[in-house]
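Listed below are the residues making up each chain.
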Amino acid sequence: MGFRTRSGKLVEPLALRAQDVCIEDIAQGLSQINRFLGQTVFPYSVAQHSVAVMRRLSPMAGMEVPAGWRLRALLHDAAEAYLGDVVRPVKRDLWFAPGHFSAAREFGLVEIEVRARIFEARGLPPVEREAEMWMWINKADDSELAREMAWLFRPEQWAGAAELRGAYAEVHPMQPGAAKGQFLEHFFNLLHLARHEAEGLPAGIERRGGENAAQNPPEADQARSAERDARTNTDRNGHGPE
């Protein structure tokens with residue numbers, strides 16, 4: 001038995017098919033899943049974390065990385081939309097606890113397989129230096145983890161929070177609707193740019209459809225509208241920090 005997504009699809013995560021994958025469902029799920037099992041001062045979604053990792057990738061690598069790399073950084077936790085978020089301490093304990101190694105390994109392989117099926121279903125173009133790419137994505141992910149722990153926990157919750165705050169910019173949690181809209185906007189823009197990179201075309205020129213179509217695809221306009229509406233509702237209702 002599977003579960004029903006926001007778009008109405010009946011999905012079996014362990015037998016995920018291309019037709020099951022919907023980027024709006026992924027954005028919806030990630031915007032509603034909180035980091036650290038929700039044990040933070042403010043809710044902070046996996047969708048917002050994913051955008052932050054994508055943005056940190058180029059500074060972490062010390063170069064302007066390809067759009068294909070940034071797109072995969074944005075989607076590095078996409079499998080969690082279908083599998084849920086298993087936090088690092090649980091994964092670590094499964095790896096090292098007697099009798100649980102095979103379970104940890106199998107779940108890790110399932111995550112990789114689901115993520116690969118998402119990439120394939122959404123038509124992500126190939127990238128060069130893939131091993132190097134994942135190394136930098138993992139480093140950006142670890143850096144964001146430290147920033148989040150510094151600002152999303154009270155010092156009495158975690159002794160290292162106060163010390164780390166001087167090293168990282170403050171985190172400002174977004175409402176789920178705004179995080180979802182931001183995630184979708186970046187996805188559509190990066191997908192267009194990555195396809196142009198793969199085809200050897202200038203980033204601002206669409207092969208069909210005229211100039212600048214790649215920079216402003218219709219889907220991105222829809223995502224901007226969704227994010228704008230969410231921000232307006234947040235400001236009107238006064239819920240939480242942006």
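Throughout, a residue's number is its position along its own chain's written sequence, starting from 1. Local features are withheld for residues below a pLDDT of 70 in this predicted model, meaning they are given only at 70 or higher, and side-chain atom pairs are given and counted only at 80 or more; totals for whole chains, interfaces and linings count all residues. Excluded from the side-chain calculation are hydrogens and water; included are all heavy atoms of the structure.

*Asks:* What's the story with the layout of surface pockets in this structure? I'm lost.
*Replies:* Gaps left between atoms show up when a probe the size of a water molecule is rolled over them. The space that makes up the largest pocket amounts to roughly 930 Å³. In this analysis, the protein atoms alone were mapped onto a 1 Å grid. Cavities are point sets where a 1.4 Å probe fits without being able to get out; pockets are open sets with protein on both sides within 12 Å along at least five of seven lines; lining residues have an atom within 4 Å of a point. Looking at the largest pocket, it is lined by 31 residues, and the ones nearest its centre are Asp77, Arg88, Lys91, Glu111 and Asp141. The residue classification treats Ala, Val, Leu, Ile, Met, Phe, Trp, Tyr, Cys and Pro as nonpolar and Asp, Glu, Lys and Arg as charged. All others, Gly included, are polar. Among the residues making up the lining of the largest pocket, the classes are represented as 16 nonpolar, four polar and eleven charged. Grid points are joined across faces, edges and corners, and a volume is the space filled by probe spheres set on the points.

*Asks:* Where do I start with helix H3 (residues 67-74) in this structure?
*Replies:* Given 3.6 residues per helical turn, the α-helix brings residues three or four places apart onto the same face. Only protein chains enter the accessibility calculation, which uses a 1.4 Å probe; a residue is then buried when its area is under 20% of its type maximum, exposed when over 50%, and partly exposed in between. Helix and strand definitions here come from DSSP, where helices need a minimum of 4 consecutive H or I residues and strands a minimum of 2 consecutive E residues; each element is numbered from the N-terminal end. Burial of H3 is extensive: eight of the eight residues sit out of reach of the surface. Buried residues of H3: Ala67, Gly68, Trp69, Arg70, Leu71, Arg72, Ala73 and Leu74, and no others.

*Asks:* Where do I start with the nonpolar core in this structure?
*Replies:* The tendency in soluble globular proteins is for nonpolar side chains to be buried side by side. Remark: nonpolar core denotes a set of buried residues (Ala, Val, Leu, Ile, Met, Phe, Trp, Tyr, Cys) joined through side-chain atoms within 4.5 Å. Ranked by internal contacts, the top residues of the largest apolar core, which has 46 residues, are Ile26, Leu75, Tyr82 and Phe183. When checking whether two residues touch, look at their non-hydrogen atoms; a contact exists if any pair is within 4.5 Å. The residues touching Tyr82, leaving out its near neighbours within four places in the chain, are Phe3, Val11, Pro13, Leu16, Asp20, Val21, Cys22, Asp25, Ile26, Val114 and Ile118. Phe36, Tyr44, Ala52 and Leu145 belong to the second-largest nonpolar core, a separate cluster that totals seven residues.

*Asks:* Help me understand the side chain of Gln28 in this model?
*Replies:* For Gln28, the position within the fold is in helix H1 (residues 23-32). Judged by its relative accessible area of 13%, Gln28 is buried. We define a polar contact as two N or O atoms separated by no more than 3.5 Å, with the added condition that, inside protein, one atom must be a possible hydrogen donor and the other a possible acceptor, whereas residues neighbouring each other in sequence contribute only through side-chain atom pairs. In terms of polar contacts, Gln28 uses its side chain to reach the side chain of Arg6, at 2.9 Å.

*Asks:* So what exactly am I meant to see when it comes to the packing of aromatic side chains here?
*Replies:* To describe a pair of aromatic rings, one takes the distance between the centres and the angle between the planes. Stacked, edge-to-face and tilted labels apply to pairs of Phe, Tyr and Trp rings (six-membered ring for Trp) whose centres lie within 6.5 Å, assigned for plane angles under 30 degrees, over 60, and everything in between, in that order. This model, assessed by the stated rule, comprises three aromatic pairs. For the ring pair Phe187 and Phe188, a centre distance of 5.2 Å and an interplane angle of 75 degrees mean the geometry is edge-to-face. Relative accessible area serves as the criterion here: at 0%, Phe187 is assigned to the buried category. A ring is scored as having a charge over it whenever the NZ atom of a lysine or the CZ atom of an arginine sits within 6 Å of its centre and within 35 degrees of its normal. Lying over the aromatic face of Phe36, Arg35 brings its terminal NZ or CZ to 5.3 Å of the ring centre. One cation-aromatic arrangement involves Arg115 over Trp134; the distance from NZ or CZ to the ring centre is 4.3 Å.

*Asks:* Honestly, the pattern of salt bridges in this entry has me stumped. Any pointers?
*Replies:* Once the charged atoms of two side chains with opposite charge are near each other, the side chains can pair. When a carboxyl oxygen of Asp or Glu lies within 4 Å of a side-chain nitrogen of Lys or Arg, that pair is called a salt bridge. The tally for this structure, following the rule as stated, stands at six salt bridges. Put simply, Glu148 and Arg35 hold a salt bridge, and the shortest N to O gap is 2.8 Å. Here Glu148 is found in helix H7 (residues 130-152), whereas its partner Arg35 is found in the loop between H1 and helix H2 (46-61), with 113 residues between them in sequence. Like Arg35, Glu148 is buried. In this structure, a network of salt bridges that share partners links the residues Arg56, Glu144 and Arg147.

*Asks:* Would you explain the environment of Gln182 in this entry?
*Replies:* Checked against the element boundaries, Gln182 lands in helix H9 (residues 176-199). Judged by its relative accessible area of 8%, Gln182 falls in the buried class. Considering only alpha carbons, one finds Gln182 and Gln48, 134 residues apart in sequence, at a separation of 7.9 Å.

*Asks:* Looking at this structure, how should I read the packing of H3 against H7?
*Replies:* It is the contact of H3 with H7, at a shortest axis distance of 10 Å, that shows an interaxial angle of 50 degrees. Here H7 runs oblique to H3, going by the angle between their axes. For the element pair H3 and H7, the recorded crossing hand is right-handed. Packed against H3, whose contacting residues are Gly68, Trp69, Arg72 and Ala73, the element H7 presents Glu132, Met133, Trp134, Trp136 and Ile137 at the interface. In terms of residue class, the contact of H3 with H7 is made up of six nonpolar, one polar and two charged. Inter-axis angles, ranging from 0 to 180 degrees, are taken between N-to-C directions of lines fitted to C-alpha atoms, where helices are fitted over the stretch in contact. Orientation categories follow fixed angle ranges, with anything under 35 degrees roughly parallel, anything over 145 roughly antiparallel, 65 to 115 roughly perpendicular, and all other angles oblique. Crossings are classed by handedness, with left-handed meaning an anticlockwise turn of the near helix from the far one by less than a right angle and right-handed meaning a clockwise turn.

*Asks:* Would you mind showing me how to read unusual backbone geometry here?
*Replies:* Note: most peptide bonds trans; most residues except glycine with negative phi. Despite not being glycine, Phe36 has its phi angle at roughly 60 degrees, a positive value. Residue placement: Phe36 occurs in the loop between H1 and H2. Its identity is not glycine, yet Leu37 carries a phi of approximately 55 degrees, on the positive side. Relative to the helices and strands, Leu37 is located in the loop between H1 and H2.

*Asks:* I keep staring at the packing of H2 against H7 and nothing clicks. Help me out?
*Replies:* When two helices pack together, their arrangement is captured by the angle between the axes and the distance separating the axes. Direction vectors running N to C along H2 and H7 enclose 120 degrees, while the axes themselves pass 8 Å from each other. In the crossing of H2 with H7, the sense of the turn from one axis to the other is right-handed. Between H2 and H7, the contacting residues are His49, Ala52, Val53, Arg56, Leu57, Met60 and Ala61 on the first element and Trp136, Ile137, Lys139, Ala140, Asp141, Ser143, Glu144, Arg147 and Glu148 on the second. Its residues assigned to classes, the contact of H2 with H7 comprises eight nonpolar, two polar and six charged.

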